Amino acid sequence: MKEIKKLFAYIKEYWYIYPFAIVFMVLLGATQNGLAYIVKFFIEAVEETDDTGLDQLYTVIQLGIFNVLVLSLSKFGQDYTLNYLGYRLIVNLRLDSFRRILYLPMRFFKNMESGDIISRLTNDINKIQNFFKRGIPDMITHSTTLLIALYLMITINFKLVLIILAAIPIMLVFLHYLGKFMKKYVEKTQGKLAKTVSVLQEVIQGMEVVKLFTSEEREYDKFEDRNASFFKIAMKRIKAKTMHIPIIELFGYIALIIVFWIGGKEIIQGKMSVADFMAFFTLAGNASNSIRRLSNLHIFINETSGAAKRIFDMMEERNEILDNNGTIKKDEIKGKVEFKNVYFKYSETDILKDINLTVKKGETIAFVGPSGAGKTTLINLIPRLHDVYSGKLLIDGINIKDFDVHNIRKHISVVGQNNFLFSGSVFSNIKYGKPDATKEEVVEAAKAAYAHDFIENFEEGYDTDIAERGAKISGGQGQRLAIARAILVDPAILLFDEATSSLDSESEKYVQEAIDNLVENRTTFIVAHRLSTILDADRIVVMDEGKIVNIGSHEELLERSPIYKKLYDIQFNA
Ligand SMILES: Nc1ncnc2c1ncn2[C@@H]1O[C@H](COP(=O)(O)OP(=O)(O)OP(=O)(O)O)[C@@H](O)[C@H]1O
Ligand SMILES: [Mg+2]
């Protein structure tokens with residue numbers, strides 16, 4: 001229920017539509033029950049044997065037409081206004097959840113399967129949409145119909161109503177337990193659905209690996225497994241869901257039989273007219289139909305709050321970095337970076353230990369060391385993808401936590417090993433970090449990144465669509481586009497994490513030249529396994545097991561650092 005309340009917050013601002021919806025709803029409820037009176041008046045009319053009967057019949061027909069006109073109009077009005085609110089809610093929820101996701105910390109995306117996230121944003125939102133499209137209109141129409149029907153039934157025969165109502169508490173107990181059961185299984189079903197979607201998502205992303213390892217059948221089996229367990233859980237839910245309709249109908253029929261029994265006796269004893277009985281009977285039909293539909297909603301609500309919970313749980317994840325965001329914003333920074341007794345861990349074990357390092361403005365500093373030494377982790381601290389848990393990281397002498405995180409990121413560019421390119425043109429990809437860049441600026445950045453020539457060779461040049469071209473962009477070309485993208489924002493601090501390691505020597509040469517073009521006047525961090533890439537660095541840092549074990553120039557390290565010497569021997573004296 002808490003979740004349903006939260007959902008309604010998304011349409012608070014459309015309060016002015018509520019009164020219209022309410023008027024339509026009441027009209028609909030009234031005209032639906034109006035039919036009972038048409039039946040009553042009809043019987044009364046045909047029971048007359050003279051001309052007054054004909055006159056009355058004429059009035060009944062007119063009333064009937066009027067009733068059905070108002071009914072249709074109010075049905076349209078109600079459905080339209082309620083659907084309007086429903087769709088508004090969904091659209092706003094989707095927008096809000098997307099915004100929250102954009103601002104969740106990297107930790108979240110590392111820990112959660114992307115298929116699960118997508119499933120929540122699609123399958124769970126669809127469930128909620130269904131509720132607002134069908135559930136809410138049903139709930140409202142049928143409650144008004146039920147209330148009006150009950151009221152009218154009471155005016156006709158109070159005793160009969162009391163007898164029928166006696167059945168309701170017994171029914172409610174049944175429904176309560178079914179509902180509880182359902183809620184549990186909705187969360188489970190949606191969870192299983194998300195797991196199924198995850199396989200789909202991974203396979204599509206990793207199709208090349210699937211094909212190369214001929215693991216199609218294995219992936220199929222995995223999918224089949226998850227699909228089957230989805231089915232198992234879904235059927236448990238369906239069992240509860242389908243059980244409840246027969247239960248309600250059973251109660252409904254028993255109540256109607258009682259109406260016939262008691263009402264019939266009253267007619268025979270002359271206590272009730274046939275016309276009144278028929279009106280009562282019609283109203284009872286409306287009421288029982290409404291109860292049946294309403295009983296469904298109990299389940300519907302539980303299902304919806306289950307789905308909403310999955311979305312809100314995700315939306316309410318904290319972003320520790322944004323929660324403690326600083327306020328300092330600068331148009332320009334110098335780019336001096338200092339690590340002071342920095343410790344960092346992802347979970348239990350320390351990944352970075354007591355890092356102390358000062359990098360001057362404009363200096364190029366390289367990092368080498370065995371895989372898992374913590375180089376990437378250290379680099380990622382600078383744009384605050386993660387925060388240090390002890391010690392300090394300073395930029396221009398200011399604690400990085402005191403900066404507005406979005407502001408400081410604008411002064412930092414990262415080129416990694418796999419740089420994601422978005423669908424859209426080459427042009428729009430290069431200017432991703434600076435959307436208002438002019439064509440000239442983009443071309444200039446592309447030239448500096450040694451990308452201009454190959455872009456010009458594409459048939460459509462800068463307008464070439466990345467998604468269409470997709471795989472036709474080579475690793476080296478993609479890398480140079482990423483460098484152009486990084487350089488266009490004119491960052492004071494540049495971070496290269498294995499930017500050339502996936503390239504052949506020809507592309508590496510280009511990318512290396514591109515990098516050499518950029519490092520001037522910028523503080524540059526380069527992580528590389530290939531020592532050829534870092535020989536020009538001002539200083540080289542050797543890392544091992546999360547610690548800085550040596551700092552110096554190439555020549556100094558050859559003498560001082562056994563780790564460095566070993567790397568050098570493997571690469572140059574093999
Ligand atoms: N998101 C994460 N959650 C938990 N542990 C992680 C995470 N990312 C990396 N690690 C661990 O942190 C350690 C350092 O990883 P890091 O990626 O910084 O190493 P690296 O020096 O860049 O290695 P490589 O040269 O292979 O790129 C490793 O032991 C790794 O398993
Ligand atoms: Mg790394």
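Residues numbered from 1 in each chain as written. Chains lettered and ligands numbered in written order. Predicted model: local features only at pLDDT ≥ 70, side-chain atom pairs only at ≥ 80, totals over all residues.

S.K.: Sorry, what's going on with the overall build of the protein here?
M.R.: Scanning the protein for helices and strands turns up 21 helices and 10 strands. Taking 25 Å as the expected radius of gyration for a compact globule of 574 residues, we find that the protein reaches 35 Å, considerably beyond that expectation. With the C-alpha coordinates of the protein rotated into their principal frame, the extents come out at 120 × 50 × 45 Å. Taken across its 574 residues, the protein has 33% of its residues classed as buried. (Helix = DSSP H or I, 4+ residues; strand = E, 2+ residues; numbered from the N terminus. Rg over C-alpha atoms; globule rule 2.2 N^0.38 Å. Buried ≥ 20, exposed ≤ 12 C-beta atoms within 10 Å, placed from the backbone.)

S.K.: Help me out: how do you make sense of helix α2 (residues 18-47) in this one?
M.R.: An α-helical turn contains 3.6 residues, so any two residues separated by three or four positions project in the same direction. Over its 30 residues, α2 extends 44 Å from the first C-alpha to the last, a length consistent with the 44 Å expected when each residue adds 1.5 Å. Of all the positions in α2, only Ala-21, Phe-24, Met-25, Leu-28, Gly-29, Thr-31, Gln-32, Asn-33, Gly-34, Ala-36 and Lys-40 are classed as buried. Elements in contact with the buried residues of α2: α3 (51-102), α5 (114-156) and α10 (274-315). (Expected span 1.5 Å × (residues − 1). Contact = placed C-beta atoms within 7 Å.)

S.K.: Before we go on, may I ask you to explain the site of ligand 1 in this structure?
M.R.: Neighbouring residues of ligand 1: Lys-110, Tyr-346, Ile-351, Ser-371, Gly-372, Ala-373, Gly-374, Lys-375, Thr-376 and Thr-377. In the shell around ligand 1, the residues fall into three nonpolar, five polar and two charged. (Near = placed C-beta within 6 Å. Nonpolar A, V, L, I, M, F, W, Y, C, P; charged D, E, K, R; others polar.)

S.K.: Is there a simple way to think about the packing of α2 against α5 in this case?
M.R.: Angle between the axes and distance between the axes are the two parameters that describe a pair of packed helices. Two numbers describe how α2 lies on α5: the axes approach to 8 Å, and their chain directions differ by 45°. Relative to α5, α2 is oriented oblique. Helix-helix and strand crossings are classified by hand; for α2 and α5 the assignment is right-handed. Contacts between α2 and α5 pair Met-25, Val-26, Leu-28, Gly-29, Ala-30, Gln-32, Asn-33 and Ala-36 from the former with Ile-140, Thr-141, Thr-144, Thr-145, Ile-148, Ala-149 and Leu-152 from the latter. (Axes fitted to C-alpha atoms, helices over the stretch in contact; angles between N-to-C directions. Parallel < 35°, antiparallel > 145°, perpendicular 65-115°, else oblique. Left-handed = near helix turned anticlockwise from the far one by under 90°.)

S.K.: Just to check I follow, could you spell out the pairing of strand β7 (residues 493-497) for this structure?
M.R.: Along a regular strand, successive side chains alternate from one face of the sheet to the other. By the criterion of burial, β7 is predominantly enclosed, with four of the five residues buried. Direction of pairing for strand β6 (residues 412-415) relative to β7: parallel, over a ladder of four bridges. Considered in β7, the bridge of Ile-412 is made with Ile-493. Note: β7 against strand β8 (residues 523-527), five bridges, orientation parallel. In the strand pairing of β8, Leu-495 is matched with Phe-525. (Pairing = 2+ DSSP bridges.)

S.K.: How do you make sense of the nonpolar core when you look at a structure like this?
M.R.: Side chains of nonpolar character tend, in soluble globular proteins, to be buried together. Membership of the largest hydrophobic core comes to 66 residues, with the highest contact counts inside it found for Ala-366, Ala-446, Ala-449, Ile-483, Ala-484, Leu-495 and Phe-496. No other element matches the seven residues that helix α18 (residues 475-488) contributes to this core. Residues from two domains meet in this core; each of domain 2 (335-411 + 493-500 + 521-574) and domain 3 (418-490) gives at least three. Filtering out sequence-adjacent residues up to four positions away, Ala-484 remains in contact with Ile-430, Ala-445, Ala-446, Ala-449 and Ala-451. Core analysis: the next-biggest nonpolar cluster, separate from the first, contains 33 residues, Met-25, Leu-193, Ala-194 and Ala-308 among them. (Core = buried A, V, L, I, M, F, W, Y, C linked by C-beta atoms within 7 Å. Domains from an automatic or database assignment.)

S.K.: Teacher, can you tell me more about the sheet that holds β7 here?
M.R.: The strands that make up a sheet pair up through hydrogen bonds in the backbone, lying either parallel or antiparallel. The strand order across the open sheet formed by six strands is β6-β7-β8-β3-β9-β10, and the pairing between neighbours is mixed. This sheet does not close on itself; its edge strands, each paired only once, are β6 and β10 (547-552). Strand-to-strand twist of the sheet, defined as the mean angle between neighbouring strand axes without regard to direction, takes the value 20°. Where α18 meets the sheet, it contacts β6 and β7, and its direction lies at approximately 175° from that of β6. Sitting on the sheet, helix α21 (residues 562-572) is in contact with β3 (364-368), β9 (539-544) and β10, with an inclination near 100° to β9.

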